[in-house]
Amino acid sequence: QLQIVESGGGLVQPGGSLTLSCAAPGFTLDSYDIGWFRQAPVKEREGLSCISSSGGTTTYADSVKGRFTISRDKAKNTVNLQMSSLKPEDTAVYYCAAVSGPCSASPYEYDYWGQGTQVTVSS
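A brief structural summary. Treat the numbers as computed from the prediction; the structure is a model and nothing was measured. (Residues numbered from 1 in each chain as written. Predicted model: local features only at pLDDT ≥ 70, side-chain atom pairs only at ≥ 80, totals over all residues. Heavy atoms only, no water.)

### Some points on the layout of surface pockets
Piece 1. By volume, the largest pocket amounts to about 160 Å³.
Piece 2. R38, K43, E46, E89 and D90 are, among the 13 residues lining the largest pocket, the residues nearest its centre.
Piece 3. A class-by-class count of the residues in the lining of the largest pocket yields two nonpolar, three polar and eight charged. (1 Å grid on protein atoms, 1.4 Å probe; cavity = no way out; pocket = protein on both sides within 12 Å on 5 of 7 lines; lining within 4 Å. Points joined across faces, edges and corners; volume = space filled by probe spheres on them. Nonpolar A, V, L, I, M, F, W, Y, C, P; charged D, E, K, R; others polar.)

### Here we look at the pattern of salt bridges
Piece 1. Taken as a whole, this structure holds three salt bridges when the rule is applied.
Piece 2. A salt bridge links R38 to D90, with the shortest nitrogen-to-oxygen separation between them at 2.8 Å. Here D90 lies in the loop between strand 8 (78-83) and strand 9 (92-99) and R38 lies in strand 4 (residues 33-39), a separation of 52 residues in the sequence.
Piece 3. Note on R38: relative accessible area 8%, which makes it buried.
Piece 4. A residue is classified by how much of its surface remains accessible, and D90, at 0% relative accessible area, is buried.
Piece 5. Here R67 and D90 are joined by a salt bridge, their closest N and O atoms 2.8 Å apart. Of this pair, R67 sits in the loop between strand 6 (58-60) and strand 7 (68-73) while D90 sits in the loop between strand 8 and strand 9, and the two are 23 residues apart along the sequence. Taken individually, R67 and D90 each receive the classification buried, so the pair is uniform in this respect.
Piece 6. Within the structure, one salt-bridge network assembled from shared partners comprises R38, E46, R67 and D90. (Salt bridge = Lys/Arg side-chain N within 4 Å of Asp/Glu carboxyl O. Helix = DSSP H or I, 4+ residues; strand = E, 2+ residues; numbered from the N terminus. Buried < 20%, exposed > 50% of the residue type's maximum accessible area, 1.4 Å probe, protein only.)

Pasting the structure below:
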């Protein structure tokens, strides 16, 4: 079974930057399209970004476009989410997910999920 592990979360000040990493020990992540989601308390899980298995296609939600960048590090077998200009409203648990099919903004389409990593944006 594919086990996904997110890392890199923590506390950051407004306007700051943070990079999250997604890994799946024992598996090749480039076999899947990979999405990043977040969920704040009492809110729906929000699709943020997705990258194709080839890495050639990326998508972003309007809420993060221009601030977040998704990428693959083939050498490290990871997918990263670089976040900049962070705002308090970015505070949430961030999840990495793998989908057997193509990228989707809907969390229901994803087959495998990590445990999540907390990102808190506060001064």
